[in-house]
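Spelled out, the chains give:
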Amino acid sequence: MTICHVTNLGTIDYPTGYLLQQDLVNQISNGQRTSALLLLEHPHVYTIGRLGNRNQVRLGSVRLKQMGITLYNTNRGGQVTYHGPGQLVVYPIVDLRTWGGPLKYVRGLEQVIIQTLADYGINGEIKDGLTGVWINDCKIAAIGVKITNGVAHHGFSLNVAPHLEYYQHIISCGIENCASTSVAMLLRCSPDIETVAYTLQYHFGKLMGYEMIEVPIEDLTKS
């Protein structure tokens, strides 16, 4: 079974997470290390993917600053999304040259999320023509990836217990009036995000065919 290193980074800002991903992509594409899975939270941030634009964020720069929200353009797929405390952000850095194609990969990520939610008694589903995982007409997990030299990075976010009102200021994933939900809202209690991360880590390894080995951040930055 192929090894995948997994690290829980706690809370880190978006640029730090992005630079770490780029470093891992380079190492993996050069055959210097195995695939990796990063589990983390971001401070309040809106990110604009390759298909998105600034008009999908309804707040001006002054209001963004007042609310403590940063804004970044990024090279992942998709449009505009939100990250913040209480949301589990998952960055798999996976060598697709030995795993499978992009569509198979995205469908696999959706199933990882669905199986994780099932452990909490939540019935997640996918929708034709859309990515991510939904509960009826509310989105609970968003997916946006990029492939560089055969290595997938960026990934997905799962709403465990974030402040959902931050979604009201964006056209989330390019969908007008897209409603969002969370595990905490559905269960009417706030699960421990580290426990959810561990559950997700298990399903990622099982469904993607990896032996998951936890390593400290220092091991990931060694080339």
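A short tour of the structure in this document, coming up.

## Focus on the sheet that holds strand 3 (residues 45-48)
Where strands meet in a sheet, backbone hydrogen bonds hold them as pairs that are either parallel or antiparallel.
Thought 1: Within the open sheet, the three strands sit side by side as 4-3-5. Their pairing is mixed. Of all strands in the sheet, those bounded by a partner on one side alone are strand 4 (70-73) and strand 5 (80-83). Between one strand axis and the next, the sheet turns through 20 degrees on average, direction left out of account.

## Describing the state of the cysteines
Thought 1: Per the stated rule, a full pass over the model turns up zero disulfides.
Thought 2: Sulfur of Cys 138: no disulfide; nearest cysteine sulfur belongs to Cys 178 and is 8.1 Å away.
Thought 3: Among the residues examined, Cys 138 registers a relative accessible area of 25% and is labelled partly exposed.
Thought 4: Cys 173 takes part in no disulfide bond, and the closest cysteine sulfur, belonging to Cys 178, lies 5.9 Å away.

## Remarks on the pattern of salt bridges
Thought 1: One pass over the structure, following the stated rule, counts four salt bridges.
Thought 2: Residue Glu 110 is joined to Arg 107 by a salt bridge in which the shortest nitrogen-to-oxygen separation is 2.7 Å. Of this pair, Glu 110 and Arg 107 both sit in helix 4 (residues 102-118), separated by three residues, roughly a single helical turn.
Thought 3: On the basis of relative accessible area, Arg 107 is assigned to the partly exposed category, the value being 32%.
Thought 4: One salt bridge connects Asp 137 with Lys 127, and the closest N-O pair in it is separated by 3.3 Å. Of this pair, Asp 137 sits in the loop between strand 7 (133-135) and strand 8 (138-148) while Lys 127 sits in the loop between helix 4 and strand 7, and the two are 10 residues apart along the sequence.

## Some remarks on the packing of aromatic side chains
The description of two aromatic rings rests on the distance between their centres and on the angle between their planes.
Thought 1: Evaluated as defined, the whole model comprises six aromatic pairs.
Thought 2: When the centroid spacing of 5.9 Å and the interplanar angle of 65 degrees are considered together, the rings of Tyr 46 and Tyr 82 count as edge-to-face. Of this pair, Tyr 46 sits in strand 3 while Tyr 82 sits in strand 5, placing them 36 residues apart in sequence.
Thought 3: Of the residues examined, Tyr 82 reaches a relative accessible area of 0% and is grouped as buried.
Thought 4: Their ring planes at 80 degrees and their centres at 6.1 Å tell us that Trp 99 and Tyr 105 sit as a pair that is edge-to-face. Exposure class is identical for Trp 99 and Tyr 105. Each is buried.
Thought 5: Each residue in the set Tyr 46, Tyr 82, Tyr 166 and Tyr 167 is aromatic and connected to the rest through ring pairs, giving one cluster.
Thought 6: If you follow Lys 104 out to its NZ or CZ, it ends over the ring of Trp 99, 4.7 Å from the centre.

## A word on unusual backbone geometry
Peptide bonds are mostly trans, and most non-glycine residues show a negative phi.
Thought 1: Within the chain, His 154 stands out as a residue other than glycine whose phi angle is a positive 55 degrees.
Thought 2: Turning to its location among the elements, His 154 is positioned in strand 9 (residues 151-159).
Thought 3: Residue His 154 is classed as buried on the basis of its relative accessible area, which comes to 1%.
Thought 4: We note that Asn 177 has phi near 60 degrees; this positive angle belongs to a residue other than glycine.
Thought 5: A relative accessible area of 75% places Asn 177 in the exposed class.

## Some thoughts on the environment of Asp 192
Thought 1: Here Asp 192 is to be found in the loop between helix 5 (183-187) and helix 6 (193-208).
Thought 2: Between the alpha carbons of Asp 192 and Leu 158 there is a distance of 13 Å; along the sequence they are 34 residues apart.

## Structural notes on the environment of Leu 164
Thought 1: Along the polypeptide, Leu 164 turns up in the loop between strand 9 and strand 10 (179-180).
Thought 2: On a C-alpha basis, the gap between Leu 164 and Gln 87 in space is 9.8 Å, while along the polypeptide they are 77 residues apart.
Thought 3: Contacts of Leu 164, omitting those with residues within four sequence positions, involve Asn 159, Ser 180, Thr 181, Ser 182 and Met 185.

## Quick word on the side chain of Arg 33
Thought 1: Residue position: Arg 33 is located in the loop between helix 1 (14-29) and strand 2 (35-41).
Thought 2: One buried charged side chain, Arg 33, makes no salt bridge at all; its nearest oppositely charged neighbour is Asp 23, positioned 6.6 Å away.
Thought 3: Engagement of the side chain of Arg 33 in a polar contact is seen with the side chain of Gln 27, the distance being 2.8 Å.
Thought 4: A polar contact is formed between the side chain of Arg 33 and the backbone oxygen of Leu 220, at a distance of 3.2 Å.

Scoring rules and cut-offs
Residues numbered from 1 in each chain as written. Predicted model: local features only at pLDDT ≥ 70, side-chain atom pairs only at ≥ 80, totals over all residues. Heavy atoms only, no water. Pairing = 2+ DSSP bridges. Helix = DSSP H or I, 4+ residues; strand = E, 2+ residues; numbered from the N terminus. Axes fitted to C-alpha atoms, helices over the stretch in contact; angles between N-to-C directions. Disulfide = S-S within 2.5 Å. Buried < 20%, exposed > 50% of the residue type's maximum accessible area, 1.4 Å probe, protein only. Salt bridge = Lys/Arg side-chain N within 4 Å of Asp/Glu carboxyl O. Phe/Tyr/Trp six-rings, centres within 6.5 Å; stacked < 30°, edge-to-face > 60°. Lys NZ or Arg CZ within 6 Å of the ring centre and 35° of its normal. Contact = heavy atoms within 4.5 Å. Lys, Arg positive; Asp, Glu negative; His and termini not counted. Polar contact = N/O pair within 3.5 Å; in protein donor to acceptor, adjacent residues only side chain to side chain.

Just distances and angles here, no functional claims.
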